[in-house]
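# Observations on the three-dimensional arrangement
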Amino acid sequence: MNKKCKIGFIGCGKMASAIIKGTISSKFLPKENIKGSEVNCEIAELASQRLGIDVITDNRALVMESDIIFIATKPNYAASVLEEIKDELTPDKLLVSICAGVSTSKIEKIIGMQRVVRVMPNTPALVLEGMSGVCKGAYANEEDAEFVLELLSNIGKAVEVTEAQMDIVTAISGSGPAFFYKVIEDMARAGEKLGLDYEKSLELATQTAIGSAKMVMQRGEIPVQTLIDNVATKGGCTFVGISVMNNEHSDKLFYDVIDQTTKKASELGK
């Protein structure tokens, strides 16, 4: 892989748009090297205006013109799109799928011995704070994964995992934004019930979440528990709040949330 390659996106929805915008704004690739496809002429025109790239309506032509092809359709359309383009997928091309729940083995069953990398992104990619999991298919190599990881670093962060771990990634980072939204909303509503204006309470909870996350990211070798202990001085108000969380078994709650979400992700992939 090199930074002169051409990338094609089959589907130019929100997640694909985030990747395209991040790739262009970071100058990882010039916009002339990026092209999209949408089956509907009107949608293609709107996507082209929105993203500043060529968006055509012929998936097969897009594949022929591209070195890397992102499948960014809804998961239930993935199989039909793969059937449509498989004859244009030569061995030198890399296929990258961001279709949730669609395993690399399922993709390879349709298109054969092709280099495939699967990505599980999340919606904060829309504000360039995404977290993506990446795994290689049976025929992809480490260079393929490294290129995709570098590309995705333009919309946040990315880590390489095994295919077997992708359902856990789906639960933690794919579904995770909704879980954090729920925590922020619950904290804000609690403040409202206790007498604080909701918008102020929401701002307090939101900014506190941002600051706390940044401190975790910058903690170095410090355990997260130490960060908790630094705030929760024994006998203080934070200590009381942490005691309530421990007594209510918040660790079990979040384990169950991630466990059940992982199981559902696994079911979707079958």
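Anyway, here's the lowdown on the structure attached to this text. (Residues numbered from 1 in each chain as written. Predicted model: local features only at pLDDT ≥ 70, side-chain atom pairs only at ≥ 80, totals over all residues. Heavy atoms only, no water.)

### Regarding the overall build of the chain
Helix and strand counts for the chain stand at 12 helices and 8 strands. Out of the 270 residues belonging to the chain, those deemed buried represent 40%. The long-range share in the chain, meaning contacts at least 24 apart out of those at least 6 apart in sequence, stands at 63%. Accessible area of the chain: about 15500 Å², with a carbon and sulfur share of 58%. A distance of 1 Å separates the average location of the 30 positive side-chain charges in the chain from that of its 36 negative side-chain charges. (Helix = DSSP H or I, 4+ residues; strand = E, 2+ residues; numbered from the N terminus. Buried < 20%, exposed > 50% of the residue type's maximum accessible area, 1.4 Å probe, protein only. Contact = heavy atoms within 4.5 Å. Areas by Shrake-Rupley, 256 points an atom, 1.4 Å probe, with all protein chains shown as cover. Lys, Arg positive; Asp, Glu negative; His and termini not counted. Charge placed at Lys NZ, Arg CZ, Asp CG, Glu CD.)

### Describing a nonpolar patch on the surface
Judged by side-chain polarity, V183, M187, L253 and F254 come together as a nonpolar surface patch covering roughly 350 Å² of accessible area. For the nonpolar patch, the secondary structure elements donating two or more residues are α8 (176-193) and α12 (250-268). Relative to the helices and strands, L253 is located in helix α12. (Patch = residues over 30% accessible without salt bridge, like charges linked within 9 Å, V, L, I, M, F, W, Y side chains within 5 Å. Salt bridge = Lys/Arg side-chain N within 4 Å of Asp/Glu carboxyl O.)

### Overview of the pattern of salt bridges
Following the criterion strictly, the structure yields 13 salt bridges and no others. Here D186 makes a salt bridge to K182, at a shortest N to O gap of 3.4 Å. Of this pair, D186 and K182 both sit in helix α8, 4 residues apart, roughly one helical turn. Notably, a salt bridge pairs D259 with K263, separated by 3.3 Å at the nearest N-O pair. Here the residue D259 and the residue K263 both occupy positions in helix α12, the gap between them amounting to 4 residues, near one helical turn. For D259, a relative accessible area of 21% puts it in the partly exposed group. On the basis of relative accessible area, K263 is assigned to the partly exposed category, the value being 43%. One connected set of salt bridges, linked through shared partners, spans K136, E142 and E160.

### Re α8
Taking 1.5 Å per residue as the helical rise, α8 with its 18 residues ought to reach 26 Å, and the 26 Å between its terminal C-alpha atoms agrees with that figure. Turning to α8, its buried residues are G176, P177, I184, A188 and G191. Each buried residue of α8 sits inside an arc of 105° when the element is viewed along its axis, so together they form one side. In α8, the exposed positions angled more than 90 degrees off the buried face are occupied by K182 and K193. If you follow the buried residues of α8, they end up packed against α7 (166-174) and α9 (198-217). Positive backbone phi, at 120°, marks G195, one or two positions downstream of α8. (Expected span 1.5 Å × (residues − 1). Arc of directions from axis to C-beta.)

### Considering the sheet that holds strand β3 (residues 54-56)
Taken together, the 8 strands give an open sheet; going across it, the order is β3-β2-β1-β4-β5-β6-β7-β8, and neighbouring strands pair in mixed fashion. Each having just a single partner strand, β3 and β8 (156-160) make up the two edges of the open sheet. Within this sheet the neighbouring strands show an average axis-to-axis angle of 25°, counted without direction. Of the pairings in the sheet, the one linking strand β1 (residues 7-10) to strand β2 (residues 34-37) comprises 4 bridges and is parallel in character. Note on β2: the bridge partner recorded for I7 is I34. With respect to the sheet, helix α4 (residues 78-85) is in contact with β1, β4 (68-71) and β5 (94-97), its orientation differing from that of β4 by roughly 155°. Along the sheet, helix α5 (residues 104-111) makes contact with β5, β6 (115-120) and β7 (130-136), crossing β6 at roughly 145°. (Pairing = 2+ DSSP bridges. Axes fitted to C-alpha atoms, helices over the stretch in contact; angles between N-to-C directions.)

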